[in-house]
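# Descriptive structure summary
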Amino acid sequence: MLVSAKEMLTKAKAGHYAVGQFNINNLEWTKSILLTAEELKSPVILGVSEGAGKYMCGFKTVAAMVKAMIEELNITVPVALHLDHGTYEGAKKCIEAGFSSVMFDGSHYPIEENIEKTKELVAICNEKGLSLEAEVGAIGGEEDGVIGSGEVADPDECKRIADLGVTMLAAGIGNIHGKYPENWAGLRFDVLAAIQEKTGTMPLVLHGGTGIPADMIQKAISLGVSKINVNTECQLSFAAATRAYIEAGKDLQGKGFDPRKLLAPGAQAICDTVKEKMELFGSVGKA
Ligand code: 13P
């Protein structure tokens, strides 16, 4: 059964650890992440971007696959199925399709419009018992063709959005999706502390979890981050393992071309990456 992210994040906040959101792109990724979460007894959030949803034949297909997999694999840890960087329309579609959590990314709208749209979604999510993530201050980098400019959020605007009753808040603090450039200035911990001070106990979300040094991750958690999103790192480890398998020529010999064999090293690489992150975030054994 899917659960909202609310309880797992409230517990993470109180326990000073973070729950990982790992983005899924296909059946193999989903299976790897769920099995690793179960093995490590960690709560987990499966993130689905609108592009990944389209690729997997729509949000209904994704919701049905994840729910069935939880049952067939006997997954007992809390799992939230979450729309990542959703549009207003996308959020509504996911709510209808049976997701247990949605992110409405209104960070590119003027703040008044972000507030209006977020407010409407808060009402819908509250009624249905779903968790809702809002965003203030676009996250840098590119994701699904959406390019953020790496803004740093205004703590007062964060408070206005938090006060609408969202479950968790993503705020730009110099974080970037994808790989960080050589000259990256690092996370703005001063802004993170100011945002948390204004928003009380609101669980904060750190996007762009790939490539942030471990000490910065730990400091961010100590300042109130309770959800950390990871996508690119899984893509990189999946691609590297698949490439190594193909370059070793195994796909051309015997039954090596069998997709179940071809995708196995990549699936294992996802398990390894997820395990490493759950250990770093401190969520192991917290389910
Ligand atoms: P990375 O791709 O940098 O890990 O970021 C993932 C993310 O923030 C998804 O919303």
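Below is a summary of the structure that appears in this document. What you see as residue numbers is a count from 1 along each chain, following the sequence as written. Reporting in this predicted model follows two pLDDT cut-offs: at least 70 for local features of residues, and 80 or more for side-chain atom pairs to be given and counted; totals over whole chains, interfaces and linings ignore these cut-offs and use all residues. For side-chain calculations, the full set of non-hydrogen atoms in the structure is used, while hydrogens and water are omitted.

### Let's talk about the overall build of the protein
What counts as a helix is a DSSP run of H or I of at least four residues, what counts as a strand is a run of E of at least two, and both are numbered from the N terminus. Counting secondary structure elements, the protein contains 12 helices and 10 strands. Radius of gyration here uses only the C-alpha atoms, and the compact-globule reference equals 2.2 Å multiplied by the residue count raised to the power 0.38. The globule rule puts the C-alpha radius of gyration for 287 residues at 19 Å, and the 18 Å found for the protein is close to it. Principal-axis analysis of the C-alpha atoms places the extent of the protein at approximately 60 × 45 × 35 Å. Across the 287 residues that make up the protein, the buried fraction comes to 56%. Long-range pairs, those at least 24 residues apart, make up 71% of the contacts in the protein with a sequence separation of at least 6. Taken as a whole, the protein presents about 12,700 Å² of accessible surface, with 54% of it coming from carbon and sulfur. The sign given to each residue is positive for Lys and Arg and negative for Asp and Glu; His and the chain ends receive no count. In plain terms, the charge of a residue is placed at NZ if it is Lys, CZ if Arg, CG if Asp and CD if Glu. Between the averaged position of the 28 positive side-chain charges in the protein and that of its 37 negative side-chain charges there is a distance of 5 Å. Relative accessibility under 20% of the residue-type maximum defines a buried residue, over 50% an exposed one, and the middle range a partly exposed one, all with a 1.4 Å probe and only protein chains included. We call two residues in contact whenever any of their non-hydrogen atoms come within 4.5 Å of each other. Under the convention used here, a 1.4 Å probe and the Shrake-Rupley method define accessible areas, while residue burial counts only the protein chains that appear.

### Looking at the side chain of Ser 107
Looking at the secondary structure, you find Ser 107 in the loop between strand E4 (101–104) and helix H6 (111–128). For Ser 107, a relative accessible area of 13% gives the class buried. Here a polar contact is recorded for every N or O atom pair within 3.5 Å, except that within protein the pair must consist of a potential hydrogen donor and a potential acceptor, and residues adjacent in sequence are included only if both atoms are side-chain atoms. Looking at Ser 107, its side chain comes within polar contact range of the side chain of Asp 105, at 2.6 Å. A polar atom in the side chain of Ser 107 sits 3.4 Å from the side chain of Glu 135.

### Comments concerning the state of the cysteines
Throughout, a disulfide means two cysteine sulfur atoms within 2.5 Å of one another. As enumerated under the stated definition, the model contains 0 disulfides in all. Looking at Cys 94, it has no disulfide partner, and the nearest cysteine sulfur is the one in Cys 125, 10 Å off. Owing to a relative accessible area of 0%, Cys 94 belongs among the buried residues under this scheme.

### Some points on the site of the ligand
Being near a molecule or strand, for a residue, means having at least one of its heavy atoms within 4 Å of it. Taken together, 14 residues lie around the ligand, and Asp 84, Gly 178, Gly 208, Thr 210 and Thr 232 are the ones closest in. His 85 has a polar side-chain atom sitting 3.4 Å from an oxygen atom of the ligand. One of the side-chain nitrogen or oxygen atoms of His 177 is found 3.0 Å away from an oxygen atom of the ligand. Taking 310 Å² as the accessible area of the ligand by itself, protein coverage stands at 100%. At the level of secondary structure, the elements contributing two or more residues to the shell around the ligand comprise strand E3 (79–86) and strand E10 (225–230).

### Brief notes about helix H7 (residues 155–162)
Residues of H7 that are buried include every one of Pro 155, Cys 158, Ile 161 and Ala 162, and no others. Along the axis of H7, the buried positions cluster into a sector of 115 degrees, meaning they face one direction only. If you follow the buried residues of H7, they end up packed against H6, strand E5 (131–136), strand E8 (168–171) and helix H8 (189–199). Measuring from the side-chain oxygen of the N-cap residue of H7 to the backbone nitrogen of Asp 156 gives 2.9 Å; that N-cap residue is Asp 154. Here the arc refers to the directions that run from the helix axis out to each C-beta atom.

### Concerning the pattern of salt bridges
Put simply, a salt bridge is a Lys or Arg side-chain nitrogen that is within 4 Å of an Asp or Glu carboxyl oxygen. This structure, assessed with the given rule, holds 11 salt bridges. One salt bridge connects Lys 159 with Asp 163, and the closest N-O pair in it is separated by 2.9 Å. Of the charged contacts in the structure, one is a salt bridge between Glu 233 and Lys 277, with a shortest N-O distance of 3.1 Å. With Glu 233 in helix H10 (residues 232–247) and Lys 277 in helix H12 (residues 264–281), this residue pair connects regions lying 44 residues apart in the sequence. On the basis of relative accessible area, Glu 233 is assigned to the buried category, the value being 19%.

### A closer look at the packing of helix H2 (residues 27–40) against H12
Viewed as axis vectors pointing N to C, H2 and H12 meet at an angle of 40 degrees, and their least axial separation amounts to 9 Å. Relative to H12, H2 is oriented oblique. Here H2 and H12 pass one another in a crossing that is right-handed. The residues of H12 that touch H2, namely those facing Trp 29, Ser 32, Ile 33, Thr 36, Ala 37 and Leu 40, are Ala 267, Ile 270, Cys 271, Val 274, Lys 275 and Met 278. For this classification, the nonpolar set comprises Ala, Val, Leu, Ile, Met, Phe, Trp, Tyr, Cys and Pro, the charged set comprises Asp, Glu, Lys and Arg, and every other residue, Gly included, is treated as polar. Here the residues of the contact of H2 with H12 are counted per class, giving 9 nonpolar, 2 polar and 1 charged. Every angle, taken between N-to-C directions, lies between 0 and 180 degrees, and every axis is a line fitted to C-alpha atoms, over only the stretch in contact when it is a helix. For classification, angles of less than 35 degrees are called roughly parallel, those exceeding 145 degrees roughly antiparallel, those between 65 and 115 degrees roughly perpendicular, and all remaining angles oblique. The hand of a helix crossing depends on one turn: near helix anticlockwise from the far one by less than a right angle means left-handed, and clockwise means right-handed.

### Things to note about H8
Given 3.6 residues to a turn, an α-helix orients residues that are three or four positions apart in the same direction. Within H8, burial applies to Phe 189, Val 191, Leu 192, Ile 195, Gln 196 and Thr 199. On an axial view of H8, the arc spanned by its buried residues comes to 155 degrees, and they lie on one face. If you follow the buried residues of H8, they end up packed against helix H1 (6–15), H7, E8, strand E9 (204–206), helix H9 (214–222) and E10.

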